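# Structural overview
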Amino acid sequence: MKKKALVFGVTVFLLFAFAAAALPAQDITSDGFKKAFQDFADGMASSLPLTSTVGNNTSDAYIGQLLRVPPNIGFGLTVGAATIPYGTVESLFEELNLSVPSEIKNFDTIGVPNPAYTIDARIGGFILPFDFGLKFGTLGDGGLNAGDLEMDYLLAGGDVRYAVMQQGVVRPNISVGLGYNYMRGRILVPDAVSENYEIEVPGDNVQFAAAGDAFMEWETHVIDLKAQVSKSLLILTPYAGVGAAYGISNAGGGMKFNDTLTETDRQALKDAGIDVDDREVSVTSDVTGWSLRVFGGTSINIMLLRLDLGLGYDILGENFVGTVGARVQL
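Okay, so let's go over this structure.

Calculation notes
- Residue positions within a chain follow its written sequence, with the count starting from 1.
- Local features in this predicted model are restricted to residues whose pLDDT is 70 or higher, and side-chain atom pairs enter the listing and the counts only when it is 80 or higher, whereas totals over whole chains, interfaces and linings include all residues.
- Neither water nor hydrogens contribute to the side-chain values; these are computed over all heavy atoms in the structure.
- Fitted lines through C-alpha atoms give the axes, limited to the stretch in contact for helices. The angle between two N-to-C directions lies from 0 to 180 degrees.
- Labels follow the DSSP assignment, with helices taken as runs of H or I lasting at least four residues and strands as runs of E lasting at least two, numbered in each case from the N terminus.
- Roughly parallel covers angles under 35 degrees, roughly antiparallel covers those over 145, roughly perpendicular covers 65 to 115, and oblique covers all other angles.
- By definition, any crossing whose near helix is turned counterclockwise from its far helix by less than a right angle is left-handed, and any crossing with a clockwise turn is right-handed.
- Contacts: residue pairs with any heavy atoms within 4.5 Å of one another.
- What a helix should span is 1.5 Å times the count of its residues minus one.
- Think of it in three bands: with a 1.4 Å probe and only protein chains considered, a residue is buried below 20% of the maximum accessible area for its type, exposed above 50%, and partly exposed in between.
- Only when DSSP finds a minimum of two bridges between them are two strands counted as paired.
- In plain words, nonpolar cores are sets of buried Ala, Val, Leu, Ile, Met, Phe, Trp, Tyr and Cys residues tied together by side-chain atoms within 4.5 Å.
- Salt bridge, as used here: a side-chain nitrogen of Lys or Arg that lies within 4 Å of a carboxyl oxygen of Asp or Glu.

### Thoughts on the packing of helix α2 (residues 30-51) against helix α3 (residues 86-95)
- Packing of α2 against α3 brings their axes to within 8 Å, and their N-to-C directions diverge by 165°. Regarding the angle of α2 to α3, the classification is roughly antiparallel. Between α2 and α3 lies a crossing of left-handed hand. From α2, Gly32, Lys35, Ala36, Asp39, Phe40 and Gly43 reach across to α3, where they touch Thr88, Val89, Ser91, Leu92 and Glu95.

Rendered as structure tokens:
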């Protein structure tokens, strides 16, 4: 079986590459196949609402008005990562009869990072004390290929914040906001699966005579409610807040083979609880529900430049998120 070149740091994208690169040539039971991908898909889907909050994380709870001189606007870049539970990653390796790499074991306490980035814009409102933000980050369709690893990524969103209190000598900025985020991703390792691969199902063995690709993909739609407080102090603007996000997420993974399955094999896999079409076998997970997070951080302000540093924690999912952003703000 081919070995895959792994050229990036340890992230959730590369987890799957580690596993797919070393899939054992022997057969696997249908229960093992389902558990390997189901546990990982469950953990991935549950963490997506938190990951989607990366971007547009301005320290100022309210930036001001557009119709003034100079107008209150800001543009910048945010990079960050949210975690997925370590146990779901560990299960992926164990069910595929693989040892968890030491690089991944280092994340057993906080979870394994899933990275994201966006280009951000925040624009002051007019008449009423509000502002709105937009964010967008993509690698395009197959936009990041490294050796045999192919990755797609898209994160986009926007929000509106209303200032319920505006900063004064003593008073801080306090705002409440409503936003929408959309995120999708896919990783594919071509020819990761050897020929003569078998999945054991009750009463049958489904054999794949040709090599196949391994893949993982995910998508989420998130409605985000948040409240934030901030106060400018010389060159720092510390902030804190709470957020509640309702996510409609799905994630899945599996293999796409070069040969076509017979109707008998397709039915046997379906009866075993595996999604299947002519060439693809996969397992998907749909997760719908709330995440509740607390977040905070500060910006370092040097003239028009803002360097934002932020951390967040999802109380329900027990996942972390960290971000670093740089922007120019008038």
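### Structural notes on α2
- Across its 22 residues, α2 extends 31 Å between first and last C-alpha, which sits within 8% of the 32 Å expected from 1.5 Å per residue.
- Across the 22 residues that make up α2, a large majority, 16, are buried.

### Describing the pairing of strand β10 (residues 236-257)
- Bridge count for strand β9 (residues 212-230) against β10 is 19 bridges, and the pairing is antiparallel. Bridging across to β10, Val229 finds its partner in Ala240.
- Counting the residues between successive antiparallel strands, the hairpin from β9 to β10 contains 5 residues, one of them, Leu234, with a positive phi of roughly 55°.

### With respect to the nonpolar core
- One finds Phe33, Ile199, Phe208, Leu269 and Val281 to be the most contacted residues of the largest nonpolar core, which totals 46 residues.
- At 9 residues, α2 tops the list of elements feeding residues into this core.

### Here we look at the sheet that holds strand β1 (residues 28-29)
- Spatially, the 3 strands line up as an open sheet ordered β1-β7-β8, and their pairing is mixed. Looking along the sheet, the strands with just one partner apiece sit at the ends: β1 and β8 (204-208).
- Bridge count for β1 against strand β7 (residues 197-201) is 2 bridges, and the pairing is parallel. Opposite Ile28, over in β7, you have Ile199 as the bridge partner.
- Strand contacts of helix α5 (residues 263-271): β7 and β8, with the helix running at about 120° to β8, the strand carrying the most contacts.

### Digging into the pattern of salt bridges
- What the rule picks out here adds up to 10 salt bridges.
- When the shortest N-O distance is used, the salt bridge between Asp131 and Arg122 registers 3.1 Å.
- For Asp131, a relative accessible area of 0% puts it in the buried group.
- Taking relative accessible area as the criterion, Arg122 reaches 2% and is therefore assigned buried.

Function cannot be read off these values alone, since they describe shape.
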